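Here's the letter readout for the chains.
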Amino acid sequence: MNAELQGWLGGQLETLRDQNLYKKPRILESPAGGRVMMDGKEVVNLSSNNYLGLANHPKVRQTALEAIEKWGVGAGAVRWIGGTMSVHDELEERLAKFKKVESVLAFTSGFTANSGCIPAVLTDKDVVISDELNHASIIDGVRLSPARYKKSEGFVFGHKDMGQLEEILTKTQNFEKRMIITDGVFSMDGDIAPLPAIVELAEKYNAFVMVDDAHASGVLGKNGAGTASHFDLYGRVDIQLGTLSKALGAVGGYIAGSKNLKEWLINRGRPYLFSTALPPMVAAALIAALNVMENDPEPMKRLWDNTRWWKNALNEAGFDTMGSETPITPVYVGDEGEAQAMERMLWDEGVYALSIVFPTVGRGKARIRTMPSAAHTQEDLEFALDAFKRVRDRLSNPVA
Ligand SMILES: *Cc1c(COP(=O)(O)O)cnc(C)c1O
């Protein structure tokens, strides 16, 4: 063991602990759900992206079991070398129909779909124009590309600031290609990108649009088809990224767009070329999840009923949900220490809801991030609401 490396790691970890930024995940001991066993106790889980409850849906489970019987557990290779099974093709065809696009290419995660697609479609003659609150996987994908993208060079617009976006578009006309990239639903604030305005500006200034719909997949649009569907922008968003890891309940990501885009990514998308295919049982489970989404309106209805109830109840109790428009419901706290104290006290009350602090969000903008889902019962949410109220009362009146 190299002493320099170990010393450096120890020092870095100590700094994280000193700054209250050190993460140690709790251990989930049951399937994902509204109520889970975690670190040996039963809690209401408000920190899962299992929006539709599909991670443990009986039909999805059954299909995965049957797929293991048929296919075994691994694809055996990267896709182009011999890891593409008919179940992968079937999944992509289903997703293309679902998204109403020509073609879809699946990746092993949303993260790798970003790092596979973004650098593949850009050259050093291009520029990326980004919303300042874009997800880390977009930022990493952009960093892997030879295009210009930096905030310090003026290529990042303020959150949802369409005036600034237009300004950047007017100043970047000498680049060959211009990519505007945004989250569809912002992962920490739960608000929705102004996609109609972005598409109009892109069309006006001859730029193209990529939307990362990780948190819109299964949540917004027809049967959960995403933000393009939600705003009826079919055919006007050049590249859509979806995840199969959140609402769809398993793992994976995909890029939806033209046939040429898919063929180009098969040839130039590095995670596609150099990383093993999704397990076939996962691909099969995802097809079953799509079947549920397209044929059973109940999970999405319950997701949105629970979302509306939860936001209203919090607002009526005087909590600030920061203008969220989707199931992602931040509960504003402000102070980092207080948010962390609140997280610990909620845990003691039997509620698992994580605090989100700098650097994931800005300094002084700490919050508890809550995610109601179709997997929660009314009792789960009422239980959680009571816990939030009790914790707030104790925090504002520490002696009582
Ligand atoms: C979660 C997330 C991803 C990554 O998706 P995975 O399938 O979990 O890798 C990408 N983009 C956004 C906006 C996300 O929230």
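Residue indices begin from 1 for each chain and proceed along its sequence in written order. A pLDDT threshold of at least 70 governs which residues receive local features in this predicted model, and a stricter bar of 80 or more applies before side-chain atom pairs are shown or counted, although totals over entire chains, interfaces and linings include all residues. Just so you know, side-chain values use all the structure's heavy atoms and leave hydrogens and water out.

This part is about the site of the ligand. Taken together, 14 residues form the shell around the ligand, and within it Gly110, Asp212, Thr243, Ser245 and Lys246 come nearest. The definition of a polar contact used here is a pair of N or O atoms within 3.5 Å, where within protein one atom must be able to donate a hydrogen and the other to accept one, and adjacent residues in sequence count solely through side-chain atom pairs. In this structure, histidine 215 approaches the ligand through a side-chain N or O atom, which is 3.2 Å from an oxygen atom. To measure how exposed things are, a 1.4 Å probe is used in the Shrake-Rupley method; for residues, cover is taken only from the protein chains shown. Contact with the protein chains hides 87% of the accessible area of the ligand, taken as 380 Å² for the molecule alone. Gly falls in the polar group here, along with every residue not listed as nonpolar (Ala, Val, Leu, Ile, Met, Phe, Trp, Tyr, Cys, Pro) or charged (Asp, Glu, Lys, Arg). Grouping the amino acids of the shell around the ligand by side-chain chemistry returns 2 nonpolar, 9 polar and 3 charged. Residues are classed as near a molecule or strand on a simple rule: at least one heavy atom within 4 Å of it.

Quick look at the domain arrangement of the protein now. Residue ranges assigned to each domain were obtained from an automatic or database domain assignment. Per the domain assignment, the segments making up the protein are domain 1 (23-51 + 297-396) and domain 2 (58-295). Using only C-alpha atoms to locate each centre, domain 1 and domain 2 end up separated by 27 Å. Contacts between the two partners involve 21 residues from domain 1, matched on the other side by 20 residues from domain 2. Note on domain 1 versus domain 2: buried area summed over both sides is about 1500 Å², and carbon and sulfur give 61% of it. Note on definitions: a residue-residue contact is assigned when non-hydrogen atoms from the two residues lie within 4.5 Å. In short, buried area is how much 1.4 Å probe accessible area vanishes from two parts on joining, totalled over both.

Once that is clear, we can look at the environment of proline 299. Helix and strand assignments come from DSSP, with helices taken as H or I runs of at least 4 residues and strands as E runs of at least 2, each series counted from the N terminus. Residue position: proline 299 is located in helix α13 (residues 298-316). Working definition: with a 1.4 Å probe on protein chains only, accessible area under 20% of the residue-type maximum means buried, over 50% means exposed, and in between means partly exposed. A residue is classified by how much of its surface remains accessible, and proline 299, at 8% relative accessible area, is buried.

Any Lys or Arg side-chain nitrogen found within 4 Å of a carboxyl oxygen on Asp or Glu counts as a salt bridge. As enumerated under the stated definition, the model contains 22 salt bridges in all. Glutamate 294 is the partner of arginine 94 in a salt bridge, and the nearest nitrogen-oxygen pair spans 2.6 Å. Of this pair, arginine 94 sits in helix α4 (residues 86-99) while glutamate 294 is found in helix α12 (residues 280-295), placing the two residues 200 residues apart along the sequence. Linking glutamate 153 and arginine 148 is a salt bridge whose minimum nitrogen-to-oxygen distance equals 2.6 Å. Relative accessible area serves as the criterion here: at 37%, glutamate 153 is assigned to the partly exposed category. Judged by relative accessible area, arginine 148 falls into the partly exposed class, the value being 40%. Linked through salt bridges whose partners overlap, the residues forming this network are Arg35, Glu42 and Asp380.

Further remarks concern the packing of aromatic side chains. We call Phe, Tyr and Trp rings a pair once their centres come within 6.5 Å, taking the six-membered ring for Trp, and we label the pair stacked below 30 degrees between planes, edge-to-face above 60, and tilted otherwise. Taken as a whole and assessed by the stated rule, the structure comprises 4 aromatic pairs. With a centroid separation of 5.8 Å and 75° between ring planes, the pair formed by tryptophan 310 and phenylalanine 388 is classed as edge-to-face. Within this pair, whereas tryptophan 310 is found in helix α13, its partner phenylalanine 388 is found in helix α15 (residues 378-396), the two being separated by 78 residues in sequence. Between phenylalanine 319 and phenylalanine 388 the ring centres are 5.8 Å apart and the planes differ by 85°, which places this aromatic pair in the edge-to-face class. With phenylalanine 319 in the loop between α13 and β10 (329-334) and phenylalanine 388 in helix α15, this residue pair connects regions lying 69 residues apart in the sequence. The exposure classification of phenylalanine 319 matches that of phenylalanine 388, with both residues buried. Remark: a charge is flagged as sitting over a ring if the NZ atom of Lys or the CZ atom of Arg is within 6 Å of the ring centre and within 35 degrees of the ring normal. The side chain of arginine 17 reaches across the aromatic face of tyrosine 22, ending 4.3 Å from its centre. We note arginine 392 situated over the ring of phenylalanine 319; from NZ or CZ to the ring centre the distance is 4.3 Å.

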